[in-house]
Amino acid sequence: DVKVTQSSRYLVKRTGEKVFLECVQDMDHENMFWYRQDPGLGLRLIYFSYDVKMKEKGDIPEGYSVSREKKERFSLILESASTNQTSMYLCASSLGSGQGLVGDGYTFGSGTRLTVV
Amino acid sequence: SQQGEEDPQALSIQEGENATMNCSYKTSINNLQWYRQNSGRGLVHLILIRSNEREKHSGRLRVTLDTSKKSSSLLITASRAADTASYFCATLLSGGYNKLIFGAGTRLAVHP
């Protein structure tokens, strides 16, 4: 009954490595999101996508990029991992057929806890 | 800057008691949503209230929204140990893209 799947639960990477975090949803949702969660800061939006090959910057896009080649898959890329990118990364998806439309609640994956050493 | 701010940051109660969490926000919203997160896991959507609604119920959950005060509250009645989790409010802003802005959350501990 899993609907949003994040490829890794825990990940340890070295500083400078290129890191790929994968997210797949099976609900045919248009919108997909990447957040990072840090203690005391809540969830902060990194990037989101409202359609295939479309992407929009969130509040903290620096050091990240994304790819959405297929509707069901949204990848977060850390071009050169740094220790300040150690965090919990959460992927989510929602309905909504375009900009500014109200969707239902988000469905979240279980998260990837990334440690950069 | 955070759109939603929850209060209190932490809440500790006994089973059977009611738990109330509050959320304030800054700008006009389309809707407000509450989520629960069990330790180290993803968030689970609990309830959504639209800007033209004042109160909504779902099982033991009651959410109120006061757009004039830019605030919302989540009430969990007859709490259980299984309700122990972090609770987040999230706002969908009016206009613009369909993206939610989350607050920092309230940590609820329900003791048997």
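As the structure is a computational prediction, the values presented were derived from the model and not from experiment. (Residues numbered from 1 in each chain as written. Chains lettered and ligands numbered in written order. Predicted model: local features only at pLDDT ≥ 70, side-chain atom pairs only at ≥ 80, totals over all residues. Heavy atoms only, no water.)

Engineer: Please give an account of the sheet that holds strand 3 (residues 19-25) of chain B that cites residues and values.
Structural biologist: Backbone hydrogen bonds hold the strands of a sheet together, and the pairing may be parallel or antiparallel. All names here are of chain B. Overall, antiparallel pairing links the five strands, which are arranged 1-3-8-7-6 in an open sheet. Lying at the two open borders of the sheet, with one neighbouring strand each, are strand 1 (4-7) and strand 6 (55-58). Strand-to-strand twist of the sheet, defined as the mean angle between neighbouring strand axes without regard to direction, takes the value 15 degrees. (Pairing = 2+ DSSP bridges. Helix = DSSP H or I, 4+ residues; strand = E, 2+ residues; numbered from the N terminus. Axes fitted to C-alpha atoms, helices over the stretch in contact; angles between N-to-C directions.)

Engineer: Explain the state of the cysteines to me, and be specific about the residues and the numbers.
Structural biologist: Here a disulfide denotes one covalent bond, and it connects the sulfur atoms of two cysteines. Under the criterion given, the structure shown has two disulfides over all chains. A sulfur-sulfur distance of 1.9 Å marks the disulfide that ties Cys-23 of chain A to Cys-91 of chain A. Because the sign of the S-S torsion sets the handedness, a value of about -75 degrees for the bond joining Cys-23 of chain A and Cys-91 of chain A places this disulfide among the left-handed ones. Pair noted here: Cys-23 of chain A is in strand 4 (residues 23-25) and Cys-91 of chain A is in strand 10 (residues 87-94), with a separation of 68 residues, a long-range link. Both residues of the pair, Cys-23 of chain A and Cys-91 of chain A, count as buried. Sulfur-sulfur distance for the disulfide between Cys-23 of chain B and Cys-89 of chain B comes to 2.0 Å. Negative torsions about the S-S bond denote left-handed disulfides, and the value of about 60 degrees found for Cys-23 of chain B with Cys-89 of chain B makes this one right-handed. Of the two residues, Cys-23 of chain B sits in strand 3 while Cys-89 of chain B sits in strand 9 (residues 85-93), which places them 66 residues apart along the sequence. (Disulfide = S-S within 2.5 Å. Buried < 20%, exposed > 50% of the residue type's maximum accessible area, 1.4 Å probe, protein only.)

Engineer: I'd love a proper account of the pattern of salt bridges, names of residues and values included.
Structural biologist: If you walk through the whole model with that rule in mind, you get nine salt bridges over all chains. In this structure, the salt-bridge partner of Lys-53 of chain A is Glu-69 of chain A, at a minimum N-O distance of 2.4 Å. Note that Lys-53 of chain A is positioned in the loop between strand 6 (42-49) and strand 7 (56-57) and Glu-69 of chain A in strand 8 (residues 64-70), a separation of 16 residues in sequence. The pair formed by Lys-53 of chain A and Glu-69 of chain A is uniform in burial state, with each residue classed as exposed. Across the pair Asp-83 of chain B and Arg-60 of chain B runs a salt bridge, and its minimum N-O distance is 2.9 Å. Placement of the pair is Asp-83 of chain B in the loop between strand 8 (71-76) and strand 9 and Arg-60 of chain B in the loop between strand 6 and strand 7 (61-66), with a sequence separation of 23 residues. A relative accessible area of 23% means that Arg-60 of chain B is categorised as partly exposed. Here the salt bridges do not stand alone but share partners, grouping Arg-36, Asp-38 and Arg-44 of chain A into one network. (Salt bridge = Lys/Arg side-chain N within 4 Å of Asp/Glu carboxyl O.)

Engineer: Can you lay out the environment of Thr-20 of chain B for me, pointing to particular residues and giving the numbers?
Structural biologist: All names here are of chain B. Within the secondary structure layout, Thr-20 lies in strand 3. Judged by its relative accessible area of 38%, Thr-20 falls in the partly exposed class. Between the C-alpha atom of Thr-20 and that of Leu-74, which follows or precedes it by 54 residues, the distance is 5.7 Å. Here Thr-20 is in contact with Pro-8, Leu-11, Ser-73, Leu-74 and Leu-75, once residues within four sequence places are set aside. (Contact = heavy atoms within 4.5 Å.)

Engineer: Could you give me a rundown of the interface of chain A and chain B, with the residues and numbers involved?
Structural biologist: The partner chain B presents 24 residues to the 31 residues of chain A that form the contact. Inspection of the chain A/chain B interface yields zero salt bridges. If you look at where chain A meets chain B, you find seven residue pairs in polar contact (both at pLDDT 80 or more). Of all the elements in the fold, those that place two or more residues in the side of chain A that touches chain B are strand 5 (31-38), strand 6 and strand 10 of chain A. (Polar contact = N/O pair within 3.5 Å; in protein donor to acceptor, adjacent residues only side chain to side chain.)

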